[in-house]
Amino acid sequence: LDAGDANEQWFDHAKHPTNWLTWGADERIRWEYLDNGITLNEHIPGHVLNFQRYRSRVWTTVAPCKEFEVGARLTWEGRHWCAPSSKPEWDWAQGFFDNLYAKVRPIPNLTLTIGRQDIIMGDGWLILEGAPLDGSSSIYFDAMRATYAAKEINTTVDAIFIQQWSSPDMWLPTMNDTDRAQIEQNERGAVLYVTNKSIQNLEASGYFIYKNDEKVLANGDQGDIYTPGFRLSEQFTPNFGVRAEVAGQWGERNGHPLCAWGTNSRATYAFNDTWNDQVFFNFEYLSGDKPGTDKNEAFDPLWGRWPQFSELYVYTYAGETRIAETTNLIRFGPGYMVC
């Protein structure tokens, strides 16, 4: 073995010391600087935000048998503020479990996951972020999820119940600071998500999402939202692929009847080289509300409040809606990334 292979084997053994235990840890350091990013006015006090973020995580999975496992992840993110002067130099924030779940496989092809867990459906357009106010420290959901894999027809069915609390320590205690809301309202939801891959290179999904909001903070939501939708993703060649998603909404939001729709799509060309880089073209449309009418036509992003296309823009439009809440939008254009 060369040195690289030996080091890799050592790390694999350290992370997986027995056949029933795995563990790991990571550290993310980010430096964020915004000048007029929120205020759009350099004459307003506090128009400059300058801070470092230090996120530490440690996790473990215990699986005494293939039918049962328990997972936990402990997360803490502190910040060091350089500006504005009104902020404390060190903000120690709060430590919390952003994963704590049990996974059970009672019968073949069925998996039940109960507890605090990460959930990403499709591209995360509508379901990814369960705690938008902690600034990407976590994305957890307090949920029960049943996943059935019908292998004979290459289809997966997910049924999910979600109960999110505005308070971060409603049922799992936090460490240090416990008064920072993770969302503006208590949220309850149900998701039925079906994905079929029986046609080569084509993935087709249909879903129905129900979300109930119970206002907690002054800018919280109140109401019931029903969202049916579908998603198609096809890889036409090893280099070229297209995905598209469309969803409609009805219900009631903040005392007004809701009727909205949105679509999100991307065409991607992958070079499949050593850099694994890609060029792509995006198109997204989210309906907006028309002032002066009783009907609310602004598309609700549900649990999609994360920086889907810009880390900076989520701050800029926060004054119009809320942090990372995008609606009333037409977005299109090219992009490039290295995966």
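Everything quoted here is computed from the prediction, not taken from an experiment.

Residue-level account of the overall build of the chain, with values.
From N to C terminus, the chain includes two helices and 16 strands. On C-alpha atoms alone, the chain measures out to a radius of gyration of 22 Å, which is about the 20 Å that the 2.2 N^0.38 rule sets for 339 residues. Along the first, second and third principal axes, the C-alpha set of the chain runs to 65 × 50 × 45 Å. When each of the 339 residues of the chain is scored for burial, the buried share is 41%. A fraction of 57% describes how many contacts in the chain between residues 6 or more apart in sequence connect residues 24 or more apart. Element-wise, carbon and sulfur atoms account for 60% of the exposed surface of the chain, whose accessible area totals about 18,000 Å².

A description of the packing of aromatic side chains should follow, citing residues and the corresponding values.
Per the stated rule, a full pass over the model turns up 17 aromatic pairs. Pairing Trp125 with Phe299 gives two aromatic rings, centres 5.6 Å apart and planes at 15°, and the pair type is stacked. Taken as a pair, Trp125 in the loop between β6 (110-117) and β7 (141-150) and Phe299 in the loop between β15 (277-286) and α2 (313-316) lie far apart in primary sequence, 174 residues in all. Taking the relative accessible area as the measure of exposure, Trp125 reaches 3% and is therefore buried. An aromatic cluster is present here, built from Tyr54, Trp76, Trp90 and Trp92 joined pairwise through their rings.

Pulling in residues and values, what's your account of unusual backbone geometry?
Look at the link from Ala83 to Pro84: it is a cis peptide, with omega at 5°. Inspection of the secondary structure assignment puts Pro84 in the loop between β3 (68-83) and β4 (90-91). Positive phi values are uncommon outside glycine, yet Asn254 reaches one of about 55°. Within the secondary structure layout, Asn254 lies in the loop between β13 (240-253) and β14 (256-270). You can call Asn254 partly exposed: its relative accessible area is 38%.

Let's hear about the environment of Trp23: which residues, and what values?
Its location among the elements puts Trp23 in strand β1 (residues 21-35). Relative accessible area serves as the criterion here: at 41%, Trp23 is assigned to the partly exposed category. Separated by 50 residues in the primary sequence, Trp23 and Arg73 place their C-alpha atoms 9.4 Å from one another. Look past the residues within four positions of Trp23 in its chain and what remains in contact with it is Ala14, Lys15, Pro17, Trp59 and Thr60. From its side chain, Trp23 meets the backbone oxygen of Ala14 in a polar contact 2.7 Å long.

How each quantity is defined
- Residues numbered from 1 in each chain as written.
- Predicted model: local features only at pLDDT ≥ 70, side-chain atom pairs only at ≥ 80, totals over all residues.
- Heavy atoms only, no water.
- Helix = DSSP H or I, 4+ residues; strand = E, 2+ residues; numbered from the N terminus.
- Rg over C-alpha atoms; globule rule 2.2 N^0.38 Å.
- Buried < 20%, exposed > 50% of the residue type's maximum accessible area, 1.4 Å probe, protein only.
- Contact = heavy atoms within 4.5 Å.
- Areas by Shrake-Rupley, 256 points an atom, 1.4 Å probe, with all protein chains shown as cover.
- Phe/Tyr/Trp six-rings, centres within 6.5 Å; stacked < 30°, edge-to-face > 60°.
- Polar contact = N/O pair within 3.5 Å; in protein donor to acceptor, adjacent residues only side chain to side chain.

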